[in-house]
Amino acid sequence: MAAGETQLYAKVSNKHKGRSTPSLLDPLLGMGFPAHTALKALAATGRKTVEEASNWLRCHRDDPSLDDPIPQEYALFLCPTGSLLERLQEFWRESKRQCTRNRAHEVFPHITLCDFFTCEDHKVECLYEALKRAGDRILGSFPSVVPLVLHSSISYLGFFVNDSPADVIREFAMMFATEASVLADCTVKPCTKQLHLTLAHKFYPHHQRTLEQLARAIHPGHGCQGPAALYSRDMRFVHYQTLRALFQYKPQNADELTLSPGDHIFVDPTQQEEASEGWVIGISQRTGCRGFLPENYTEQASESDTWVKHRTYTFSLAMDLISRKDGEASSRRNGELHPSQTPRDISSIQALQATIARRSVLVVRHGERVDQIFGKSWLQQCSTPDVSLSMEVPRAIFQGNRGWNQKTKTLEVAGKYYRPDLNFPYSLPRRSNGIKDFENDPPLSSCGIFQSRMAGEALLESGIRVTSVFTSPALRCVQTARHILEELKLEKRIKIRVEPGIFEWTKWESGKATPTLMTLDELKEANFNVSLDYRPAFPLASLLPAESYDEYVERCAVSVGRIIRACLGDVGVILIVSHGSALDSCTRPLLGLPPRDSGDFAQLVRKIPSLGMCFCEENKEEGKWELVNPPVKTLTHGSNSAFNWRNWLPGS
């Protein structure tokens, strides 16, 4: 043993003299492990058993940081137990399923008593003594139960601890900080602000109401009971992403990591330039080694899954029994206290399901249309002229051809589409009457396609659950719906239901007749996954040219009613892709509001951008629908004018 290590060992041994429990360090030193690495192993495993520490050392034999003097970070929490913990864990599962992950899912249910702080490996047992002394001093005045009051804001949901119980708990935290400073030479910052048990943090605004209803189903009852628990974490990976290995992986190359199911991997999102697509670079918690690993062999884990529970202090006999039972079951179970599993009360499950059985309607305007950029003559800019060919050939050869004109004995050859600008779509679907039908039923531009995909990607990230899709029969709306569904990975699972009743106000359509729109068969032939079974509120043939404003808003109201009734059994988001006017005409009937004045309506609709959204949510308790924040942000961008390189020629 080196001289420095001998002094360190002597210092640690002297601190433990006179204690009845045998030192965990001696057996590790007897196995030949250096003192500094043995102490590091004990700190990393919660100083529980020699076996755990020795296994850690064997796994970390190739860890390049094994000899680095990097201490663990520690924090003190008040952790709920028993039935309250069970209900909180149920909330964690349901909120993640219904509203996707938020920051609260990174840590188990807890009340923070002090911020994370560092402690040298050879002084960790002094922290345990500090916890015991602080607990013994406050034991007589510590509240037997901690009352909880629900608090909600735009980005936070949780229970607050108020009044005198909060003052006693803060006093306990300050006592621990003082004892830790004296005994372990640690700088500990106790929590002096509002004590809280976080349920959700940094969530999407449109999820607030659902989260609140889930929280009300917790019913904290008599409050929180639980021990104070001391946890530690590896300070190097605080801002890393945590992955959990699902499958075993044997390295094929020297720079790859070995994976076993359950391994935790720390991944720095800012240092992935070297990784190929489908691979990430990470550091194994089990071995400390760094290397490449296949990302599809892992799943996202919570930050606290890698924390280590060291010691707990219980404030009553009842809690002590729970804590002991928990400790006997497992010395480390991802830092969570697990009460015995009992069958859930059926009524509580039904009550929880009732709170999340909520329907929503998301009305979206289509993406940028090609004539919006290139004007009414856009079709002439991207197609060759129609040609009439005189045919001195037997009639039978061309009989049945759509372009054959028997009267003039000519074959009408329609123009062909080409792409004069990158913002024209790559191709156009086939239509029975040829390219001319696109003139009043234009497709999305290339930017419109991009906008639609961006919106779909954002909706996917928001975590909303789309259960059905309805669109106007206009091609641009059907295209927008398809691209959104593709980004949501639902293009094969959900059929697009075409509802002519939510088509644009026909008074705004050019021409004296309604546009010739693609039939369901034509859309099907063009690979749109449209439903052939849906019976719309208004068949395509029923649309009236130049209808009045009253006829238009009545048509939309009837159509929205049909859509809602068609989705009575669905719990999720009904996506309606239509025109800018639909953001008003399709939401006001739901909200129970009368139509706007036609002049105000026209002024309002002109301001709606591509992929503008309105989001309505059903409030079953009050028997009404409400307009709430859309699940994604708006898409804003500038114009990009045409460019002619010939203007740069000399003399131009």
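This text goes with the structure placed above it.
Remember, it's a predicted structure, so these values are computed and weren't measured experimentally.

## A closer look at the overall build of the chain
Phase 1: The number of helices and strands found in the chain is 19 helices and 21 strands.
Phase 2: Residues classed as buried in the chain amount to 50% of the 652 residues present.
Phase 3: Within the chain, contacts between residues at least 6 apart in sequence are counted, and of these 77% link residues at least 24 apart.

## Thoughts on the packing of helix H3 (residues 35-44) against helix H4 (residues 50-59)
When two helices pack together, you describe them by how their axes are tilted relative to each other and by the distance separating the axes.
Phase 1: Running from amino to carboxyl end, H3 crosses H4 at an angle of 115°, the nearest separation of the two axes being 8 Å. With respect to each other, H3 and H4 are oriented roughly perpendicular. For the crossing formed where H3 meets H4, the hand is right-handed. Packed against H3, whose contacting residues are Thr37, Ala38, Lys40, Ala41, Leu42 and Ala44, the element H4 presents Ala53, Trp56 and Leu57 at the interface.
Phase 2: Within the contact of H3 with H4, the residues separate by chemical class into 7 nonpolar, 1 polar and 1 charged.

## Focus on the packing of aromatic side chains
Phase 1: For the structure shown, the criterion picks out 29 aromatic pairs.
Phase 2: Look at Phe237 and Phe266: their rings are 4.2 Å apart centre to centre, the planes differ by 10°, and that puts the pair in the stacked class. Here the residue Phe237 occupies a position in the loop between strand E6 (228-233) and strand E7 (241-245), and Phe266 occupies one in strand E8 (residues 264-267), the gap between them amounting to 29 residues.
Phase 3: You can call Phe237 buried: its relative accessible area is 7%.
Phase 4: Given the relative accessible area of 5%, Phe266 is considered buried.
Phase 5: Look at Phe470 and Tyr534: their rings are 5.5 Å apart centre to centre, the planes differ by 70°, and that puts the pair in the edge-to-face class. Note that Phe470 is positioned in strand E17 (residues 466-471) and Tyr534 in the loop between helix H15 (520-525) and helix H16 (549-566), a separation of 64 residues in sequence.
Phase 6: Relative accessible area serves as the criterion here: at 0%, Phe470 is assigned to the buried category.
Phase 7: Through a chain of ring-to-ring contacts, the aromatic side chains of Phe77, Phe108, Phe116, Tyr231 and Trp307 assemble into a single cluster.
Phase 8: Here Arg233 stacks its cationic end above the ring of Phe116, 3.6 Å away from the centre of that ring.
Phase 9: Directly above the ring of Phe438 sits Arg431, whose terminal nitrogen or CZ lies 4.7 Å from the centroid.

## Considering a nonpolar patch on the surface
Phase 1: On the surface, Phe643, Trp645, Trp648 and Leu649 cluster together to form a nonpolar patch covering roughly 560 Å² of accessible area.
Phase 2: Structurally, Leu649 is set in the segment after strand E21 (624-628).

## With respect to the sheet that holds strand E11 (residues 298-300)
Phase 1: A sheet is described by the order of its strands in space; here 5 strands give the open sequence E10-E9-E8-E7-E11, paired in antiparallel fashion. Two strands bound the open sheet, and with one partner strand each, they are strand E10 (290-294) and E11. Looking at each pair of strands side by side, their axes are set apart by 45° on average, direction ignored.
Phase 2: Relative to E10, strand E9 (residues 279-284) runs antiparallel, the two being bridged by 5 bridges. Across the sheet, residue Trp279 finds its bridge partner in E10, namely Pro294.

## What about the pattern of salt bridges?
Phase 1: Evaluated as defined, the whole model comprises 30 salt bridges.
Phase 2: Close ionic contact of Arg233 with Glu303 constitutes a salt bridge, the shortest N to O distance being 3.2 Å. Linking Arg233 in strand E6 with Glu303 in the loop between E11 and strand E12 (308-313), this pair joins segments that are 70 residues apart in sequence.
Phase 3: Where salt bridges share partners, they join Glu73, Arg103, Arg233 and Glu303 into one cluster.

## Examining the environment of Glu94
Phase 1: Within the secondary structure layout, Glu94 lies in helix H5 (residues 82-99).
Phase 2: Among the polar contacts listed, one links the side chain of Glu94 to the side chain of Arg97, at a separation of 2.9 Å.

## Things to note about the pairing of E21
Phase 1: Alignment of strand E20 (residues 613-619) against E21, held across 5 bridges, turns out to be antiparallel. By the bridge assignment, Phe615 is partnered in E21 with Val628.

## Observations regarding helix H14 (residues 475-487)
Phase 1: Given a rise of 1.5 Å per residue, 13 residues ought to cover 18 Å, and the 19 Å separating the end C-alpha atoms of H14 matches this to within 8%.
Phase 2: The buried fraction of H14 is high, at 11 of 13 residues.
Phase 3: Among all positions of H14, only Leu475, Arg476, Cys477, Val478, Gln479, Thr480, Ala481, His483, Ile484, Leu485 and Glu487 are buried.
Phase 4: Those residues of H14 hidden inside the fold are in contact with helix H13 (446-462), E17, strand E18 (496-498), H15 and strand E19 (573-578).
Phase 5: Two residues or fewer after H14 comes Lys489, characterised by a positive phi angle close to 65°.

## Points about the pairing of strand E4 (residues 156-161)
Phase 1: In terms of residue burial, E4 counts as a mostly covered element, since 6 of its 6 residues are buried.
Phase 2: As judged from the 4 bridges shared by strand E3 (residues 149-152) and E4, these two strands associate in the antiparallel manner. Within the sheet, the bridge partner assigned to Val149 lies in E4 and is Phe160.
Phase 3: If you look at the hairpin formed by E3 and E4, you'll find 3 residues sitting between the two strands.
Phase 4: Where E4 and strand E5 (residues 195-201) come together, 6 bridges link them in antiparallel fashion. Within E5, the residue paired with Gly158 across the bridge is Thr198.

Calculation notes
Note that residues are indexed from 1 along each chain, following the sequence as it is written. Given that the model is predicted, a residue must reach a pLDDT of at least 70 before its local features are reported, and side-chain atom pairs must reach 80 or more before they are shown or counted; all residues, however, enter totals for whole chains, interfaces and linings. Side-chain metrics in this entry use all non-hydrogen atoms of the structure; hydrogen atoms and water are not considered. Counting from the N terminus, the helices are DSSP H or I runs at least four residues long and the strands are E runs at least two residues long. Relative accessible area decides the class of each residue, using a 1.4 Å probe on protein chains only: under 20% of the type maximum gives buried, over 50% gives exposed, and in between gives partly exposed. Contacts are assigned to residue pairs with any non-hydrogen atoms lying within 4.5 Å of each other. Interaxial angles span 0 to 180 degrees and are taken between N-to-C directions of axes, which are lines fitted to C-alpha atoms, for helices over the stretch in contact. Should an angle fall under 35 degrees it is taken as roughly parallel, and over 145 as roughly antiparallel, whereas 65 to 115 is taken as roughly perpendicular and any remaining angle as oblique. Crossing chirality is assigned from the near helix's rotation relative to the far helix, an anticlockwise turn below a right angle marking it left-handed and a clockwise turn marking it right-handed. In this classification, Asp, Glu, Lys and Arg are treated as charged, Ala, Val, Leu, Ile, Met, Phe, Trp, Tyr, Cys and Pro as nonpolar, and every other residue, Gly included, as polar. The rule is short: rings of Phe, Tyr and Trp, with Trp giving its six-membered ring, pair when the centres are within 6.5 Å, and they are stacked under 30 degrees, edge-to-face over 60, tilted in between. Geometrically, a charge over a ring is one whose NZ (Lys) or CZ (Arg) sits within 6 Å of the ring centre while staying within 35 degrees of the ring normal. Surface patches are defined over residues having more than 30% relative accessible area and no salt bridge, joining like charges when they lie within 9 Å and nonpolar side chains (Val, Leu, Ile, Met, Phe, Trp, Tyr) when within 5 Å. All accessible areas in this document rest on Shrake-Rupley with a 1.4 Å probe, and a residue is counted as covered only by the protein chains that are shown. Salt bridge, as used here: a side-chain nitrogen of Lys or Arg that lies within 4 Å of a carboxyl oxygen of Asp or Glu. Two strands qualify as a pair provided DSSP detects at least 2 bridges between them. A 3.5 Å cut-off defines polar contacts: any pair of N or O atoms within that distance qualifies, except that in protein one atom must be a possible hydrogen donor and the other a possible acceptor, and neighbouring residues in sequence count only when both atoms are side-chain atoms. A helix is expected to span 1.5 Å for every residue after the first.

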